[in-house]
Each structure stands twice: as structure tokens, then as C-alpha cells.
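Structural overview for review
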Amino acid sequence: MKVLKFGGTSVGSAQRMQHVASLICDGRKKIVVLSAMAGTTNSLIDISDCLFNKDVVNASDIIAQLKKQYEIHVNSLYGTEEYKRKAWDWLNGCFERIESFLVGPFSIFEEKVVVAQGELMSTGMMYYYLQEQGVPAVLLPALDFMRITKDVTPDSDYIKTKLQALLQEHPDTDLFITQGFICKNAFGEIDNLKRGGSDYTASIIGAAVDAEEIQIWTDIDGLHNNDPRYVSNTTPVRQLNFDEAAKLAHFGAKILHPSCIMPARENNIPVRLLNTFDPQAPGTLISNSAEKGCIKAVAAKDNITYVKIKSLNVVPIHQFLSVVFNTFSQYKTAIDMVTASETGVSVTIDDNSCLDEIVVALQKYATVSVDTDMVIICVVGDLEWQNVGFEAKIVQALKDIPVRMISYGGSSSNVSLVMKAEDKAAALEALNANLFLAGCGNNE
Ligand code: ADP
Ligand code: ASP
Ligand code: MG
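Residues numbered from 1 in each chain as written. Chains lettered and ligands numbered in written order. Predicted model: local features only at pLDDT ≥ 70, side-chain atom pairs only at ≥ 80, totals over all residues. Heavy atoms only, no water.

Before going further, it helps to examine the site of ligand 1. Around ligand 1, the surrounding shell holds 16 residues, and the nearest of these are Lys 5, Thr 218, Asp 219, His 224 and Lys 254. One nitrogen or oxygen atom from the main chain of Gly 8 is found 3.2 Å from an oxygen atom belonging to ligand 1. Lys 254 is positioned such that a nitrogen or oxygen atom in its side chain is 2.7 Å from an oxygen atom of ligand 1. Split by residue class, the shell around ligand 1 holds four nonpolar, seven polar and five charged. (Near = heavy atom within 4 Å. Polar contact = N/O pair within 3.5 Å; in protein donor to acceptor, adjacent residues only side chain to side chain. Nonpolar A, V, L, I, M, F, W, Y, C, P; charged D, E, K, R; others polar.)

Applying the stated criterion to the full structure yields 21 salt bridges. The residue Lys 86 makes a salt bridge to Glu 82 at a minimum N-O spacing of 3.3 Å. Note that Lys 86 and Glu 82 are positioned in helix H4 (residues 81-99) at a spacing of four residues, about one turn of the helix. Judged by its relative accessible area of 41%, Glu 82 falls in the partly exposed class. (Salt bridge = Lys/Arg side-chain N within 4 Å of Asp/Glu carboxyl O. Helix = DSSP H or I, 4+ residues; strand = E, 2+ residues; numbered from the N terminus. Buried < 20%, exposed > 50% of the residue type's maximum accessible area, 1.4 Å probe, protein only.)

In the vicinity of ligand 2, the contacting residues are Ser 35, Ala 36, Thr 41, Glu 119, Phe 181, Arg 195, Gly 196, Gly 197 and Ser 198. For ligand 2, an oxygen atom lies 3.3 Å from a polar atom in the side chain of Ser 35. Gly 197 is positioned such that a nitrogen or oxygen atom in its backbone is 3.4 Å from an oxygen atom of ligand 2. Contact with the protein chains removes 87% of the 270 Å² of surface that ligand 2 exposes when unbound. A per-class count over the shell around ligand 2 returns two nonpolar, five polar and two charged. (Areas by Shrake-Rupley, 256 points an atom, 1.4 Å probe, with all protein chains shown as cover.)

Glancing now at helix H11 (residues 355-362). If you check which residues of H11 are buried, you get Leu 355, Ile 358, Val 359, Ala 361 and Leu 362. Projected onto a plane normal to the axis of H11, the buried residues spread over an arc of 165° and lie on a single side. Relative to its buried face, H11 has exposed residues pointing more than 90 degrees away, namely Asp 356 and Val 360. On its buried face, H11 is in contact with strand E11 (295-311), helix H10 (317-330), strand E13 (344-349) and strand E14 (366-381). (Arc of directions from axis to C-beta. Contact = heavy atoms within 4.5 Å.)

To continue, consider the pairing of strand E9 (residues 271-275). Counted residue by residue, E9 has four buried out of five residues, so it is predominantly covered. Here five bridges tie strand E7 (residues 213-218) to E9, and the two strands are oriented parallel to one another. For Gln 215, the partnering residue across the bridge sits in E9 and is Arg 272. Here E9 pairs with strand E10 (residues 284-287) via three bridges, running antiparallel. When the bridges of E10 are listed, Leu 273 appears paired with Thr 284. (Pairing = 2+ DSSP bridges.)

This paragraph deals with the nonpolar core. If you look at the biggest cluster of nonpolar residues, it comprises 110 residues, and the most contacted ones within it are Ile 177, Leu 223 and Leu 256. Beyond its immediate chain neighbours, meaning those up to four positions away, Leu 223 contacts Thr 235, Pro 236, Val 237, Leu 240, Leu 248, Ala 253, Ile 255, Leu 256, Leu 273, Thr 284 and Ala 297. One finds Val 379, Ile 394, Ile 401 and Leu 435 within the second-largest nonpolar core, a separate group that totals 21 residues. (Core = buried A, V, L, I, M, F, W, Y, C linked by side-chain atoms within 4.5 Å.)

Looking at where Asp 219 falls in the secondary structure, it is placed in the loop between E7 and strand E8 (239-241). It is 34 Å that separates the C-alpha atoms of Asp 219 and Phe 101, two residues lying 118 residues apart in sequence. Contacts of Asp 219, omitting those with residues within four sequence positions, involve Thr 9, Asn 275 and Phe 277. Only 3.4 Å separates the side chain of Asp 219 from the side chain of Thr 9, close enough to count as a polar contact. At 3.2 Å, the side chain of Asp 219 and the side chain of Thr 218 are in polar contact.

On to the sheet that holds E10. Spatially, eight strands are ordered E3-E4-E2-E1-E7-E9-E10-E8 in an open sheet, and the strand pairing comes out mixed. Each having just a single partner strand, strand E3 (138-140) and E8 make up the two edges of the open sheet. The mean inter-strand angle of the sheet, taken between neighbouring strand axes irrespective of direction, is 20°. (Axes fitted to C-alpha atoms, helices over the stretch in contact; angles between N-to-C directions.)

Before going further, it helps to spend a moment on helix H13 (residues 424-437). Between its terminal C-alpha atoms H13 stretches 18 Å, which fits the 20 Å expected from 14 residues at 1.5 Å a residue. Taken as a whole, H13 has its buried residues at Lys 424, Ala 427, Leu 428, Ala 430, Leu 431, Asn 432, Leu 435 and Phe 436. Where H13 is buried, its residues meet E11, E14, helix H12 (390-397) and strand E16 (414-420). (Expected span 1.5 Å × (residues − 1).)

Shown next as C-alpha cells:
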């Protein structure tokens, strides 16, 4: 059994849905995870924002525009009136759910129900398209098996039991379609796996069914050695190990959801990144096999806050670090990067929701300064100590860019640097020129 995930652009129009159908109808057993059609989740978030602000007029406007788009999709996807009607009945159910929130209270709970409709719409459309084509397929409702715990991690045992029971109800079916991104939470409410979460769904499902491979189909030929949205001349990296891929996902390579490598790594299931628009292209294979001695790729994580904490010497020096870390932990705020000296420690965080409280708590022991709007640039590869000189190449590449913090040694697969967001594009270009175009990398 394989698990194949198709992202928003891959199912972004009727023609693209038809193309995806041609890729998945090969008679082999598979679970297909679909994202919402490109742009839909953004529109649903816009509708929710209006409803938060009690702006029913604009919310209704966006709903009407979305309906029009889906009318066009339905008219070009299906050949028969019967299936146009079936699909439209399904979509109408989704739109009615959204419209039910035009009156009454609107909170984060209702927002999650609204946002969930995108994946429900795309999977329903694909399911009816396959039916119209005479392809036997089963639509698995993700809300019946995908659940997160109170700690917001996948409820693996529950997912495995529920999903396997659902699959066993259809022993003769080869093709299952399900929604990415959406789930229930520990209280039985509709929730989601955060933006880009369909990758994570695919990996969680892969682990639950012990898949032979998880395929992430998107709009580019695999993971590139730098962010193609900011840097020209990037090239695909053909092979990554789980650790390298997890680092790149965590540190901003948008092609992968930050957590999606974890379930695959824990179960040793290879992940293949493939291009829907060029299905023959080799893409990237992520597995546990490591290539020695090369720098693989660079990624950047936005919206980073840098916190510099200098001791006032009111607690003994051996207690200072634990006081600092306990304070962040007390406010459930994860630290991304750390550097320390005998008198102080600097950290980065990507969640500012408790920052004011943290600063007040730390000020009993330290002077604290905060810089927002920073980025972490992360260089990933086999950076074991035998691989001499790579740090020099990284630092040399950034010689004209002010760097606030450097972290190396926490893992043997990455070096991370903190700088201002305004320097991100120049830093990515400079690293590309020095690490890859100058022939130091080893991607192909
Ligand atoms: P999908 O909708 O299929 O999930 P995403 O937009 O989430 O697709 O991810 C694919 C996009 O990720 C690419 O189009 C590219 O712009 C962006 N991206 C950022 N960093 C990288 C990288 N290192 N390699 C490949 N793509 C990247
Ligand atoms: N539709 C969701 C989003 O746009 C999930 C995904 O595409 O992976 O974030
Ligand atoms: Mg994505």
C-alpha cells in the first residue's frame, strides 16, 4: 500500500483534478490524500476573519465568489448532468455549513469548521469524478479516524485502529480517497493540522497502515537546494536522509509541513517528493540512507523573535540557565535556537503569544532585550566534524550581512544563523552562490 498526497495546485482546477485521476488509476492499492483546491483555504480564512469582525456583508461576498468558482469547476469537471448534480449537492452541503455561521456567535471553533470545508469539497469532487469515470473508489472521511491528543500530537493508536477498521470494510477496494489537513481534537471538535497540514496527514496515514512509501506530489521537481521563491538557479536534491529533511521542513522549506517527516522516520517509511506537472521527473527520495560529506540545502524560517537575556547575578550562575528555560517552559513556549556565554543566553522563539509574560518573569533575574521580525537561515547536510571547513564557507558567504546569532553542534546535520528579515533574500542568494554554484554542494 502506498500513500499519495496531492497539494492544492495539483488539484487547483478541473483539468488538474482529471490529471491527478489519471495518475492514481493504475490498479495498485493506495490511499490518496487531497488538499483543498489552491486558494480555497485562504478564502475560507478570509471568510472567517470577516465573521470574527461581524462583517457579514464581506463574508457573504467572498462566499458568493467562491461558489461561482466552484460552479465553473463543476461544469468543466463532469461530463454528465447526473454527476454535475451529485457533485453540486455535495458542495452545497459544504457551503450551507459555512453560511450557517453568518448568524450567531463566531469563535476559533467555528473557524475550524469553516476551514475544514476546503478539503471536504475537493475530495467529494474527486470521488464523484472517479465514479463518473467508472473507477471504483471509496471516500474515507478523515474526521472518522484522524485525531489529535490534548498535546496536539497525532493520536497514533486511535488512528491506526480506526483507519484499519475502515479499510477492512472494503477488502476489494484498491483506491481510497481522503481529506488532508482536517482532524478531530481530543474533545471531539473539528480541528486541523495547521497550514500545509496535508503532508502531515499523508505521513500519519503512512505510519498507521505501514505503507511501503509516502509520496508528496506537488508543483516542483522535489526539494531544491534553496528556496526557489527567493533564489534563482536552485536545483533539486535527489536524496535526503530523514534527519536532513526534518530539519529543512522545520526550518522553513515550504514544500514539507514542519512535522511531516516524524511519523515516516519513526516507521522507516521512505518519502518521495514528486512533481504532478512532470510525473516522470525523479524528484527527491527521503530515507534513512545518508550521503557523507556534502551540504544539501538551505532553508529560511520567518517570524522569528530573538530574546537576549543577560544575568543580573541574583541567582547562582549554575542555576541561571535552568531558570531561563523553566520560564519558557512554564509558558509552553518552545525555543528554536540557543547560544550561551557565562553571563547570558540568547534564544529564538516562533510563538510570541506569551512573550510579554515571559519577559516580565525573566526581568527578576536578568536584563532582557527583544528583537522581532528576524529569520533563521538553516544550512543542512552531513556536517560531522570530519567535514572540515564548511562553517568557514557559510560564514564567508555571509561576510556582508549582519548575523545576530550562530548555532552549530546541537545536531550534526545543520548550522543555523539568525538575522534580520530584511537580509533574508540576500543571505539565501549569497549562500547559494558560495555553497552550491561554486561547486561545494553535491546535489545531483
Ligand atoms: P502544495 O500545495 O503542493 O502543498 P506548497 O506550496 O505547500 O505545495 O509547497 C511547494 C512550494 O514550496 C514550491 O512551489 C516552492 O515554491 C516552495 N518551496 C520552498 N522551499 C522549497 C524548496 N527548498 N524546494 C522546493 N520547493 C520549495
Ligand atoms: N489546505 C490547507 C492549507 O492550505 C492544507 C494543505 O494544503 O496542506 O494550508
Ligand atoms: Mg504544502
